[in-house]
Amino acid sequence: MTTTRALGSTTGVEITFILIGLLTFGAAVLTVTVRNLVHAALWLVVALGGLAGCYLLLAAEFVAWVQVLIYVGAVAVLLLFGLMLTRAPIGRTTELDSGNRWAAAVVGLATAGVLVSVIGDAVRTTWFDPRQAVVNGTAKAVGTSLFRYWVLPFELLSVLLLAALVGAIVLSRRDVSDDVDAGTGISQAQATQAQATEAEA
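Residues numbered from 1 in each chain as written. Predicted model: local features only at pLDDT ≥ 70, side-chain atom pairs only at ≥ 80, totals over all residues. Heavy atoms only, no water.

### Details of the overall build of the protein
From N to C terminus, the protein includes seven helices and two strands. In sequence order, the secondary structure elements of the protein are arranged as β-α-α-α-α-β-α-α-α. A buried classification covers 11% of the 201 residues belonging to the protein. Within the protein, counting contacts between residues at least 6 apart in sequence, those at least 24 apart form 63% of the total. Taken as a whole, the protein presents about 15300 Å² of accessible surface, with 70% of it coming from carbon and sulfur. (Helix = DSSP H or I, 4+ residues; strand = E, 2+ residues; numbered from the N terminus. Buried < 20%, exposed > 50% of the residue type's maximum accessible area, 1.4 Å probe, protein only. Contact = heavy atoms within 4.5 Å. Areas by Shrake-Rupley, 256 points an atom, 1.4 Å probe, with all protein chains shown as cover.)

Below, the structure written as structure tokens:
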């Protein structure tokens, strides 16, 4: 139920929402600023968990638990496994630094300003009681809305994620043809093994 109320009257739910939002914002900033990839992944977990807390305060329990199960429980773990399997440098390194920090900061601040202004203008004088909006956050309500009105964007998103997965596999696999000597037709691994055998002999 949507009503209007006077500005300046703040409830405990709104204070908690602001605190969790600040925690989420701080964790998101640390995610993109720390130089250690493992620490960045852990701060990402904190940011995603903060979003789940915001969803709970907005009476969207189903979306909150999906956030925890999929993003916190799957995406973050997948990111950590990817760091381990690809042997990516996880410490402080200059290889991951970019010279476009100022451009990225300007774009990020501009995007944040647009989002804050649009959302703030939309909910400036609008207030709802979460206890009266519980019905809208149930699994039945979300599923009905998703597969009745948003089924095409949902399927397009699935195709996009599949394309991203295939692209990640293509980029992470090592091209065997690059390791083969054009003159002898012997791969570098085989040549190294042969040299080690000759040295032992």
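### Considerations on the environment of V75
Considering the arrangement of structural elements, one finds V75 in helix α3 (residues 61–85). Classification of V75 as partly exposed rests on a relative accessible area of 37%.

### Description of a nonpolar patch on the surface
Together, I15, F17, I18, L19, L22 and L58 line one region of the surface with nonpolar side chains, adding up to about 560 Å² of accessible area. Structurally, the position occupied by F17 is in helix α1 (residues 12–33). (Patch = residues over 30% accessible without salt bridge, like charges linked within 9 Å, V, L, I, M, F, W, Y side chains within 5 Å. Salt bridge = Lys/Arg side-chain N within 4 Å of Asp/Glu carboxyl O.)

### Let's talk about the UniProt feature "transmembrane region" (unreviewed entry) in the protein
The UniProt feature table records "transmembrane region" (unreviewed entry) at residues 15–34, 41–58, 64–90, 102–120 and 150–171. Along residues 15–34 the backbone is 95% helical and 0% strand, and the end-to-end C-alpha distance reaches 28 Å. For the annotated span residues 102–120, helix accounts for 100% and strand for 0% of the residues, and the straight-line distance between the end C-alpha atoms is 26 Å. (UniProt positions renumbered as here; feature names shortened; annotations may be inferred.)

### Description of the side chain of T24
Secondary-structure assignment places T24 in helix α1. With residues up to four places along the chain from it excluded, the contact list for T24 reads A47, G50 and L51.

### Section: helix α2 (residues 37–57)
Across its 21 residues, α2 extends 30 Å between first and last C-alpha, which sits within 8% of the 30 Å expected from 1.5 Å per residue. Among the residues making up α2, those that are buried are A40, A41, A47, L48, G50, A52, G53 and C54. Those residues of α2 hidden inside the fold are in contact with α1 and α3. One side-chain oxygen of the residue at the start of α2 lies 2.9 Å from the amide nitrogen of V38, identifying that residue as N36. (Expected span 1.5 Å × (residues − 1). Polar contact = N/O pair within 3.5 Å; in protein donor to acceptor, adjacent residues only side chain to side chain.)

### With respect to the packing of α2 against α3
Running from amino to carboxyl end, α2 crosses α3 at an angle of 175°, the nearest separation of the two axes being 8 Å. The angle between α2 and α3 places the two elements in the roughly antiparallel class. Taking contact as the criterion, the partners of L37, V38, A41, L44, V45, L48, G49, L51, A52, Y55 and L56 in α2 are, on α3, E61, V63, A64, Q67, V68, Y71, V72, A76, L79, L80 and L83. Here the residues of the contact of α2 with α3 are counted per class, giving 19 nonpolar, two polar and one charged. (Axes fitted to C-alpha atoms, helices over the stretch in contact; angles between N-to-C directions. Parallel < 35°, antiparallel > 145°, perpendicular 65-115°, else oblique. Nonpolar A, V, L, I, M, F, W, Y, C, P; charged D, E, K, R; others polar.)

### A word on the packing of α1 against α2
Between α1 and α2, the least distance of the axes is 8 Å, while the angle of their chain directions is 160°. Classified by the angle between their axes, α1 and α2 sit roughly antiparallel to one another. Viewed along their axes, α1 and α2 form a crossing whose handedness is left-handed. Contacts from V13, T16, F17, I20, G21, T24, A27, A28, L30 and T31 in α1 reach A40, W43, L44, V46, A47, G50, L51, G53, C54 and L57 in α2. (Left-handed = near helix turned anticlockwise from the far one by under 90°.)

### Quick look at the side chain of Q67
Following the sequence through the fold, Q67 ends up in helix α3. For Q67, the side chain forms a polar contact with the main-chain oxygen of L48, separated by 3.3 Å. Beyond its immediate sequence surroundings of up to four residues, Q67 is in contact with L48, L51, A52, Y55 and V72.

### Let's talk about the environment of G49
Structurally, G49 is set in helix α2. Note: C-alpha distance between G49 and V68 (19 residues apart in sequence) is 6.6 Å.

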